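Read off the chains here:
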Amino acid sequence: MGDSAWMIYGANGYTGRLVAAEAVRQGLAPILAGRNAHEVERIAAELSLPARTFDLADPLASRAALAGVTVVAHCAGPFSATSAPMIEACLASASHYVDITGEIAVFEQARAYDLLAREAALVICPGVGFDVIPTDCVAACLKQALPDASHLALGFDTGSGLSPGTAKTSVEGLRLGGQVRRDGERVRVPLGYRQRRIDFGRGEKNAVTIPWGDVATAYYSTSIPNIEVYLPAPPAAALGMRLVDPLRGLLGGAAAQKWLKGQVDKRVRGPDQATRERLRTWVWGEARNAAGETRTARLETANGYEVTVHGVLLAVRHLLAYNGPGGYRTPSLLFGERCVEQLPGSGRIRIA
């Protein structure tokens, strides 16, 4: 297969199928993979692509399946369970690793492989989708605009809808509560910890802190020690988050998690193409230094799933031609602080 072989693992999932279809439209020929042989082979046959079936729970099979693969685009969540075994398989097989996670713990877990990746001259770059390319780029551009920034706030306003995988990740996240970065350390806080009014790009809205991936990644991209991430939420919804917070232990129990994920399987299908084309995303960021100076950034992008599909393909193309050093990277560090502007449907990052 030569040095240009690459793989989509989880090709039978909602996002994996979208990436595979767009790859074919762009003239690329990934290997489709996953553990569900019937579904993976069916999709591969429809797209006239090669298929491989293996379970990440089997390290030897995983390593063998990655033979000759230069880049793995890992799209099979929940990444809290699947990221580490795939990274280890990539390290054993000399394959670069990218994924579409948005989970803080998964970013931190991936960064723990930095030294091994450096020694192997392989890149580990989680979060090459909507989580976290747009916000990571905004963070990096704000750091350039205000180099001595001590505080960073990021956020986005979207109507993208949820895929089944994203919905299940959200269910898992209920037990973890909120997170922010304070003085360089990740700190657990209640759900709905802080509210403020923000104009994300289409009028001021009430917003609330959420435990988004940038609590990990933006710190590594910018070294700014205090970071919060916001999502629009009516005051009543924010209050509801605070009221639910004491029940996190119950919601995180095995029985509650099983029931909630069962509801996802029954009710969540992911947005269709027309919905994805109609619903866009507005990204916002604010940096502040000790003297009280601020810089504000805004960016409009396509729907989150469209950003993810094209972000994965941007990452794959970059790494297929890559000959730089290995190690853990964030998207802005690997592809440049304005790489989001290369994605279809994305505007420019504007800083005031």
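Read on for an overview of the structure. Small disclaimer: the values here were computed from a predicted structure and weren't measured.

### Examining the environment of Leu-191
Okay, step 1: Here Leu-191 is to be found in the loop between strand E9 (185-189) and strand E10 (195-199).
Okay, step 2: The exposure class assigned to Leu-191 is buried, which follows from its relative accessible area of 11%.
Okay, step 3: On a C-alpha basis, the gap between Leu-191 and Gly-178 in space is 4.8 Å, while along the polypeptide they are 13 residues apart.

### Remarks on the packing of aromatic side chains
Aromatic ring pairs are described here by two measures, namely the spacing of the ring centres and the angle between the planes.
Okay, step 1: Applying the stated criterion across every chain, the model contains 8 aromatic pairs.
Okay, step 2: Aromatic side chains Phe-130 and Trp-212 sit 6.3 Å apart centroid to centroid with 70 degrees between the ring planes, which places their arrangement in the edge-to-face category. Placement of the pair is Phe-130 in the loop between strand E6 (123-125) and helix H7 (133-145) and Trp-212 in the loop between strand E11 (204-209) and helix H9 (214-222), with a sequence separation of 82 residues.
Okay, step 3: Seen from their ring centres, Phe-200 and Trp-284 are 6.1 Å apart, and the 70 degrees between their planes marks the pair as edge-to-face. Here Phe-200, found in the loop between E10 and E11, pairs with Trp-284, found in strand E13 (residues 281-289); they are 84 residues apart in sequence, far enough to count as distant.
Okay, step 4: Look at Phe-200 and you get buried, because its relative accessible area is 1%.
Okay, step 5: Here the aromatic cluster, defined as three or more aromatic residues joined through ring pairs, consists of Phe-130, Phe-156 and Trp-212.

### A closer look at the side chain of Asp-99
Okay, step 1: Within the secondary structure layout, Asp-99 lies in strand E5 (residues 96-99).
Okay, step 2: Buried and unpaired, Asp-99 has Arg-111 as its nearest opposite-charge partner, separated by 14 Å.
Okay, step 3: Side chain to side chain, Asp-99 and Tyr-97 meet in a polar contact 2.5 Å long.
Okay, step 4: A polar side-chain atom of Asp-99 sits 3.1 Å from the main-chain amide nitrogen of Thr-101.

Criteria and thresholds
Residues numbered from 1 in each chain as written. Predicted model: local features only at pLDDT ≥ 70, side-chain atom pairs only at ≥ 80, totals over all residues. Heavy atoms only, no water. Helix = DSSP H or I, 4+ residues; strand = E, 2+ residues; numbered from the N terminus. Buried < 20%, exposed > 50% of the residue type's maximum accessible area, 1.4 Å probe, protein only. Phe/Tyr/Trp six-rings, centres within 6.5 Å; stacked < 30°, edge-to-face > 60°. Lys, Arg positive; Asp, Glu negative; His and termini not counted. Salt bridge = Lys/Arg side-chain N within 4 Å of Asp/Glu carboxyl O. Polar contact = N/O pair within 3.5 Å; in protein donor to acceptor, adjacent residues only side chain to side chain.

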